[in-house]
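The lines below spell out each chain.
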Amino acid sequence: MGNRLTQIATRTGDAGTTGLGNNQRVSKNSLRVHAMGDVDELNSHIGVLLCEDMGADVREVLVEIQHQLFNLGGELSIPGFELLKDEAVLALDEALEKYNAQLPRLQEFILPAGNRAASLAHVCRTVARRAERAVVALGNEEAIQEAPRQYLNRLSDLMFVLARVLNRLNGGDDVYWKSERMQRAASQD
């Protein structure tokens, strides 16, 4: 492919527009650019999460997700183009099944907390939800493929599950919400 980026500071966006992959110029405040930015931010947060200790299998899943998010961003940058394949959604389904099977059943809602890696996974989960909302908003205005929306929906679920997995590193656990129901049950014991 060669070097694709030859100049980073082009100054072409100084007027508040940016170029899409098809050379079309759009407002930096367009729904498409918001969706692209949220996906890019999510990928960056996963990069930060990858700085933490975790099992090699979880690391491998997250690295593949980064590649797929780059595909997703590319797809969003070219209206009508398809880069993210159905197999990517299927891979998330398989990871969800694998990691969720290792976890105890939830008794209550959990807080986005625990160790640093789990907390970063929760940040990734919330950014994935925002990216999903941005893609849904874009899809309400323009025709887009189904895979981007499905991928982000599954990814947010997987990040929740991986947060639980990462909380169990070195003997940790989920941080449960202290609901009134749980407090009553604890006081009855």
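Before reading on, note that the structure itself is shown above.
Just so we're clear, the structure is a prediction, and the values are computed from it rather than from any experiment.

When you line up the elements, R32 lands in helix α1 (residues 31–49). Those residues within four positions of R32 in sequence are excluded, and the remaining contacts are L20, E75, L76, P79, L138, E142 and I144.

What follows deals with the packing of helix α2 (residues 56–77) against helix α3 (residues 86–100). The N-to-C vectors of α2 and α3 enclose an angle of 155°; their axes lie 11 Å apart at closest approach. One element, α2, and the other, α3, form an angle in the roughly antiparallel class. Pair α2 / α3 crosses with left-handed handedness. Touching D57, V58, V61, I65 and Q68 of α2 are A88, L92, A95, K98 and Y99, all from α3. Looking at side-chain class alone, the contact of α2 with α3 contains 7 nonpolar, 1 polar and 2 charged residues.

A cluster of nonpolar side chains, contributed by F109, L111 and W177, occupies part of the molecular surface with about 340 Å² of accessible area. For L111, the position within the fold is in the loop between α3 and α4 (116–141). Overall, the relative accessible area of 37% leaves L111 in the partly exposed class.

Attention now goes to the environment of M36. Within the secondary structure layout, M36 lies in helix α1. Spatially, the C-alpha atom of M36 lies 9.7 Å from that of F70, the residues being 34 residues apart in sequence. Ignoring any residue separated from it by four or fewer positions in sequence, one finds M36 in contact with L20, G73, L76 and S77.

Moving on, we come to the packing of α1 against helix α5 (residues 147–167). Running from N to C, α1 and α5 cross one another at 20°; their axes reach a closest spacing of 14 Å. Here α1 is positioned roughly parallel relative to α5, judged by the angle of their axes. Classified by chirality, the crossing of α5 by α1 is left-handed. Along its contact with α1, which presents V39, L42 and L49, the element α5 presents L152, L155, M159 and L166. Here the residues of the contact of α1 with α5 are counted per class, giving 7 nonpolar, no polar and no charged.

Conventions adopted
Residues numbered from 1 in each chain as written. Predicted model: local features only at pLDDT ≥ 70, side-chain atom pairs only at ≥ 80, totals over all residues. Heavy atoms only, no water. Helix = DSSP H or I, 4+ residues; strand = E, 2+ residues; numbered from the N terminus. Contact = heavy atoms within 4.5 Å. Axes fitted to C-alpha atoms, helices over the stretch in contact; angles between N-to-C directions. Parallel < 35°, antiparallel > 145°, perpendicular 65-115°, else oblique. Left-handed = near helix turned anticlockwise from the far one by under 90°. Nonpolar A, V, L, I, M, F, W, Y, C, P; charged D, E, K, R; others polar. Patch = residues over 30% accessible without salt bridge, like charges linked within 9 Å, V, L, I, M, F, W, Y side chains within 5 Å. Areas by Shrake-Rupley, 256 points an atom, 1.4 Å probe, with all protein chains shown as cover. Salt bridge = Lys/Arg side-chain N within 4 Å of Asp/Glu carboxyl O. Buried < 20%, exposed > 50% of the residue type's maximum accessible area, 1.4 Å probe, protein only.

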